[in-house]
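Fold and geometry: a report
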Amino acid sequence: MKYWRGYLTAAIFGAITWVLMQMAEKYATLVDMVYPYVTRSIQGFLTAWTSGFDFCVWQILVLLFAVVVLATLVLVFVFKGGLVQWLGWVLAAVSIVYCLHTGIYGLNYHAGPIEDDLRLTMSDYTQSELEEAVTFYRDKANTIAVQLPRDEQGIVVYSEFEDLADRAGSGFRNLVLNRSFSIYGGDYTPVKKLGWADMYSSMGITGFTCFLTGEAAVNPQIPSICLPFTICHEMAHRLCVAPEDAANFSAYLACEASVSREYQYSGYFMAFRYCYSALQQVDPAAAARIMDGCVKELKWDLDHYNQFFSSRKDEEATKLANNINDTYLKTSGDDDGIASYGAVCDYLVNWYLSDHAAEEEVELEFDPYDEEQVDLSGIANAKPRETEPAA
C-alpha cells in the first residue's frame, strides 16, 4: 500500500481541485460576488511578503523543486528504490500545488465577464465599424508617436524599467477614482523583472504572474514600446483579472487612463496592432489602406516590434510554451486558450463604439410644453413653447 500513497495523495488533491471548479462553474454568480475580493486580498498579502526581494521568489522555488526532483531520482537509481513510488510523490506535489493555485486564484476564471464590471455593452460589429476602430487607434498612436524622443535609428526611447514599473499603478488608480471601476482596486506594487529572460524571449513570453507568491513579472528584454502595456497586463492578473483577453483590455484601459505619454502610446500602439491584425484577416486591402496612414515613426516602432520577436523566437521552444499555456488556460476554464489573447479586439472595438456614441449624443433640453417630449393632451390651456422665427 505504501507504494501507492503518492498516487492516492495526488488523486485526493486532484479530486478537490475538480470539485472546486465544478462548484465555481455551477455557482458563478456567488463566485463573482465574493471570490475576487477575497483572492485580491490574498494576492496583496503575498505581494507584500515577496516585494522585499529584488528577484522572483517563485523562480527560486521552481529551481529548488527541480533540484529536489533530480536529486531524489538519482537516489532512487543509486539505492535501487521504487521508481513507481517516486513518480507518485512527484505527481502528489504537482497536484497539491495546482490545488492551492486553484483555491487562491484559479476560480477567477469562472467569475462574471469583465464587461459587467465596466458597464460595457458587448455586441457584434460590422467590418465598417472595425475599420473605424482601427483608424481611431492608429490616429491616437500617430499623434503621440511624433512627440516621443527617439534614437538615431528612429526607435522610440522609453524610461528605464524600474521607472516605468513605478508609474504603472497610476492608470489603474485613475480608473477606480475617475471611472468608478472598483474591479481595479487593490495592490499596485511595481512588477519585477523576469529572470532567465533569454529563455523566455526564445519562447515569445513577455511576462508571467505567479499567484502562489503574488509576483507579477515582465521580461525586460521585450521592446520598450510594449513594456508599459505588458506591465499593466501582468498587474491586471495580480488584481485578479484572470482571462487573457480581459487582462489585455484592462492593460489598454490603464495605459489610456495614465498621465504618462509613454503609457498612453504603448496602449494605443498595442490596441492598433490587435485591431489591425483582426481587420487584416477579414480584408487585407482595407488593412493596407489604413496602414498607409501611419506616420513614419509609428511604422518604425511596428517594424522594430516585429523584428524583435521574429529574431529572438525559437520555433520549437515557442511551440512548447504555447502548448503548455494553452493547456493551462483551457484546464482553468478559459475555453479559447491562447486564442483569447487576440480576442481583446472585441473589447477594443466595442469600447471605441461606446465612447464614440457617447461623444455624439446630444442631451435634449427638457421642455414641459414640447409635445414631442410630453403628452399635452388633457392639460387645460397647455400650448407648445413658441420658437423664435428664423432670421
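Just above sits the structure.
Right, let's walk through the structure included here. Keep in mind the model is a prediction, meaning the values are calculated, not measured.

Scanning the model with the defined rule gives 19 aromatic pairs in all. Taking 5.5 Å as the distance between ring centres and 50 degrees as the angle between the ring planes, the aromatic pair formed by F53 and F55 counts as tilted. A residue is classified by how much of its surface remains accessible, and F53, at 34% relative accessible area, is partly exposed. Geometrically, the ring pair formed by Y252 and Y268 is edge-to-face, given 6.0 Å between the ring centres and 65 degrees between the ring planes. Taken as a pair, Y252 in helix 10 (residues 244–257) and Y268 in helix 11 (residues 261–282) lie far apart in primary sequence, 16 residues in all. Taking relative accessible area as the criterion, Y268 reaches 7% and is therefore assigned buried.

Looking now at the pairing of strand 3 (residues 215–218). By the alternation rule, side chains of strand 3 split into E215 and A217 and A216 and V218, which are all buried. Direction of pairing for strand 1 (residues 192–193) relative to strand 3: parallel, over a ladder of two bridges. Its bridge partner being in strand 3, K193 is matched across the sheet by V218. Where strand 2 (residues 207–210) folds back on strand 3, the antiparallel hairpin that results is connected by four residues, among which G214 adopts a positive phi of roughly 70 degrees.

What follows covers the side chain of T47. Of note, T47 is situated in helix 2 (residues 28–50). In this structure T47 comes out as buried when scored by relative accessible area, which is 2%. Apart from the residues lying within four places of it in its own chain, the contact partners of T47 are D187, T189, T213, G214 and R238.

Right, let's get into the pairing of strand 2. For strand 2 and strand 3, the ladder comprises four bridges, and the chain directions are antiparallel. When the sheet's bridge partners are listed, C210 is paired in strand 3 with E215.

Attention shifts here to a nonpolar patch on the surface. On the surface, W18, V19, M23, Y27, L30, M33, V34 and V38 cluster together into a nonpolar patch covering about 810 Å² of accessible area. Contributions of two or more residues to the nonpolar patch are made by helix 1 (5–26) and helix 2. For the nonpolar patch, the element with the highest residue contribution is helix 2, accounting for four residues. With respect to the secondary-structure elements, W18 resides in helix 1. Take W18: its relative accessible area is 54%, and that puts it in the exposed class.

Parameters and conventions
- Residues numbered from 1 in each chain as written.
- Predicted model: local features only at pLDDT ≥ 70, side-chain atom pairs only at ≥ 80, totals over all residues.
- Heavy atoms only, no water.
- Phe/Tyr/Trp six-rings, centres within 6.5 Å; stacked < 30°, edge-to-face > 60°.
- Buried < 20%, exposed > 50% of the residue type's maximum accessible area, 1.4 Å probe, protein only.
- Helix = DSSP H or I, 4+ residues; strand = E, 2+ residues; numbered from the N terminus.
- Pairing = 2+ DSSP bridges.
- Contact = heavy atoms within 4.5 Å.
- Patch = residues over 30% accessible without salt bridge, like charges linked within 9 Å, V, L, I, M, F, W, Y side chains within 5 Å.
- Areas by Shrake-Rupley, 256 points an atom, 1.4 Å probe, with all protein chains shown as cover.
- Salt bridge = Lys/Arg side-chain N within 4 Å of Asp/Glu carboxyl O.

Functional significance is not addressed by these values, which are geometric in nature.
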